[in-house]
Amino acid sequence: MRRTVYTCLVCLFALASTAQIELWTEAQLSVSDGTTPLWLNANKYGLSSLDKTNGYARIGAFRPLETDSARRWGWSAGADVAVAGGYTSTLIVQQAYAELRWLKGLLTVGSKEQPLQLKDQQLSSGSQSLGINAHPVPSVRLELPEYWDIPGLNHWLGLKGHIAYGITTDTRWQKDFTAQRSNYTENVRLHTKAGYLRIGQPQRPLTVELGVEMGCQYGGTSHIFDHGNEQVIENEGGLKGAWHALIPGGEEVLEREIEYKNTSGNHVGSYVMRVNYDQPSWGVSVYADHVFDDQSQMFFYSNNSYGQNGKSWTEKGDKYLVFDLKDMMLGLEVRVKGCPWLEKFVAEYLYTKYQSGPIYHDHSEHLLDHICGIDDYYNHYIFVAWQHWGQVMGNPLYRSPLYNDTGDIIIVDNRFTAWHLAATGAPLKGLRYRLMCTFQHGLGTYRKPFSNPRNNVSILAEAAYSFPSISEPLKGVTVKGALGFDRGPLLGNNTGFQLTVAKTLNL
C-alpha cells in the first residue's frame, strides 16, 4: 500500500508539472449520532464510512481527455489520493489511471470512477448491477464512451459500451472483517461489460436507449467455513476463467463431481431502458432497470421437462417453466429549463421481492420438476457477495455488508420495495441544493427472512455554495453542508452532518 501511495504522489507532482492540468483538493468531516446516515454514505464510490466521526483530506491531479478533443487521438491521466480517519484504511488510493483515445475508442488502465449510465448521477438511487457505491476496481477497460452513429443510417442508431477486466483490492479488509471465521474470497477477479443502443436522432425530441449491463466475480481463493471447519477453494482463473466470465459457462470447482452445476463465477446483470422526450423549456425521461443473476430472470424460463421414467430422468424434454417479470427499478426524470429553483426531479420505485419465487428444486429420479427460484440477489455461496470493501457494487438499497455486526460478508436484505424521490436546483447564483427521500420496506432474504418486515426512511438535505470566479483567493472554492437522517429498524435511527470544502485550480 505504501509503495502504491508513493507512486500516486509521484504521479500527482508529475501531472502538476505539465500543462493543462486540473488540480483538485477536498476535505470532508462527518459527525453522526449513530452510524453515518445512508445518503451521507452511499454512492460516493466507496469513499465513505459508517463510523460516528470520520473524515478525509484528498488531493487529485487530472489531465482531461477533452484537452485533445480536436485531435484524432488523445490521452488523459489522473491520480487521486486521500488520507482518512474513521475509514477502513488510512491511506486510500481512490483513483490512479491513464487513458488513450483513438477516434471514438478509449482504453483505460487503472482505477477510475466510472459514471452511472442512463440515470442521473446525483439524484438516482443507483444502478442495479454496475453502480457507483463501491471503490473503483483496478482494471483494463476498452470502451466506446459516447454513442457512435452507425454509418449509412442518418444518425438514427448509435452504439456505446465497454468491456473490462480487473482485480479487487479488499483482501485484507475481508480477512479483518470476518476475522477469518466466516466465508471470504481473496484476490477476486472482476469482469464487467455493457452495451447500449440509441434509437432516434439526437437532435430530435424523442430518443430511446436500450442496454444490458453485466458483471462477474471469478478466480481467487475462497475460504468456506462450516461449523468451524475451513475449506479452501482455488477458483477457476486464468484465461479459462476470464473466458467463462465473458461468455457464461464452465462449472464451479465445488460442483465438478455432482449432477447439478452452475456456471463458473458469480454473474449479475441488468436489462436497462430509457425513453427521452425533450422540448425547449422542459424534458422528461422514463427508465427501467431489471436485475438478474441467472437464467430464470435473464430469459424468464427454465427447462421443466425431464424424462418419463427413472431411466431417462436427466434427459431434457420440451416443457418449460416461465417466470414473471417483476423485479425492477422504474424511474421518472423531469427536467425544467429556465426554472432555477427546481431544475430536475427524479422519482424511482424498486421491487425485488420476487426473485423467481421461494422454491429451488433440482429435478431428481423421483421428482422430475425443476424449479429455479430463490435467486438471492447479490449473494453467492462461494464469492460471498457482490461487494468491494464492504459496499455493494450495485444499488445501495441492498444493505451493504459493512452494516453487519456479525462479521459476515452477506447481503441480509435483498427482498424489498422502495420509493425514492429527489430534486435539485440553484435558486441563487452560486447556491445549489439537493434533496433526497427514500422509503424502504425490507423483508430480508428468502433463506433468512426478517421475523417482522423492517421499514426505513432516509432523508438528505444538502446545500453547496461556489464562490464567484472574481473572488480571490476563493476562486474555485465550493463549500457544501449536508444533513442526513435514517429512521427505522433496517438501518437504525441515525442523524448526521457532513461538511465538505473543495477547491479546483486549472493550470
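Data block above holds the structure.
Described below are features of the structure shown in this document. This is a predicted model, so every value here is computed, not measured. (Residues numbered from 1 in each chain as written. Predicted model: local features only at pLDDT ≥ 70, side-chain atom pairs only at ≥ 80, totals over all residues. Heavy atoms only, no water.)

Comments concerning the overall build of the chain
Here's step 1: Looking only at helices and strands, the chain has five helices and 29 strands in total.
Here's step 2: Taken over the C-alpha trace, the chain has a radius of gyration of 24 Å; the compact-globule value for 507 residues is 23 Å, and the two agree within 12%.
Here's step 3: With respect to the principal axes defined by its C-alpha atoms, the chain has extents near 85 × 60 × 45 Å.
Here's step 4: Across the 507 residues that make up the chain, the buried fraction comes to 51%.
Here's step 5: Partitioning the contacts of the chain with sequence separation of at least 6, the portion at a separation of at least 24 is 62%.
Here's step 6: For the chain, the centre of its 45 positive side-chain charges and the centre of its 49 negative side-chain charges are spaced 7 Å apart. (Helix = DSSP H or I, 4+ residues; strand = E, 2+ residues; numbered from the N terminus. Rg over C-alpha atoms; globule rule 2.2 N^0.38 Å. Buried < 20%, exposed > 50% of the residue type's maximum accessible area, 1.4 Å probe, protein only. Contact = heavy atoms within 4.5 Å. Lys, Arg positive; Asp, Glu negative; His and termini not counted. Charge placed at Lys NZ, Arg CZ, Asp CG, Glu CD.)

What to know about the nonpolar core
Here's step 1: The biggest cluster of nonpolar side chains holds 41 residues, and the ones touching the most others in it are L38, W39, Y378, W386, L397, Y398 and I409.
Here's step 2: Elements with a minimum of two residues in this core: α2 (38-41), α3 (171-178), β14 (282-292), β18 (344-351), β22 (384-385) and β25 (416-428).
Here's step 3: Excluding residues within four positions of it along the chain, Y378 makes contact with S127, Q128, S129, V384, A385, W386, V392, G394, N395, Y398 and I411.
Here's step 4: Listed in part, the six residues of the second largest apolar core include Y56, A82, A84 and I92. (Core = buried A, V, L, I, M, F, W, Y, C linked by side-chain atoms within 4.5 Å.)

Concerning the pattern of salt bridges
When charged atoms on two side chains of opposite charge get close, those side chains can pair.
Here's step 1: Under the definition given, this model contains 20 salt bridges.
Here's step 2: Note that R58 is salt-bridged to D80, the shortest N-O span being 2.6 Å. Of the two residues, R58 is situated in strand β2 (residues 53-63) and D80 in strand β3 (residues 73-85); the sequence distance between them amounts to 22 residues. There is no split in this pair, since R58 and D80 are both buried.
Here's step 3: The closest approach of N and O atoms between K344 and D120, which form a salt bridge, is 2.8 Å. Here the residue K344 occupies a position in strand β18, and D120 occupies one in the loop between β5 (105-111) and β6 (139-149), the gap between them amounting to 224 residues. (Salt bridge = Lys/Arg side-chain N within 4 Å of Asp/Glu carboxyl O.)

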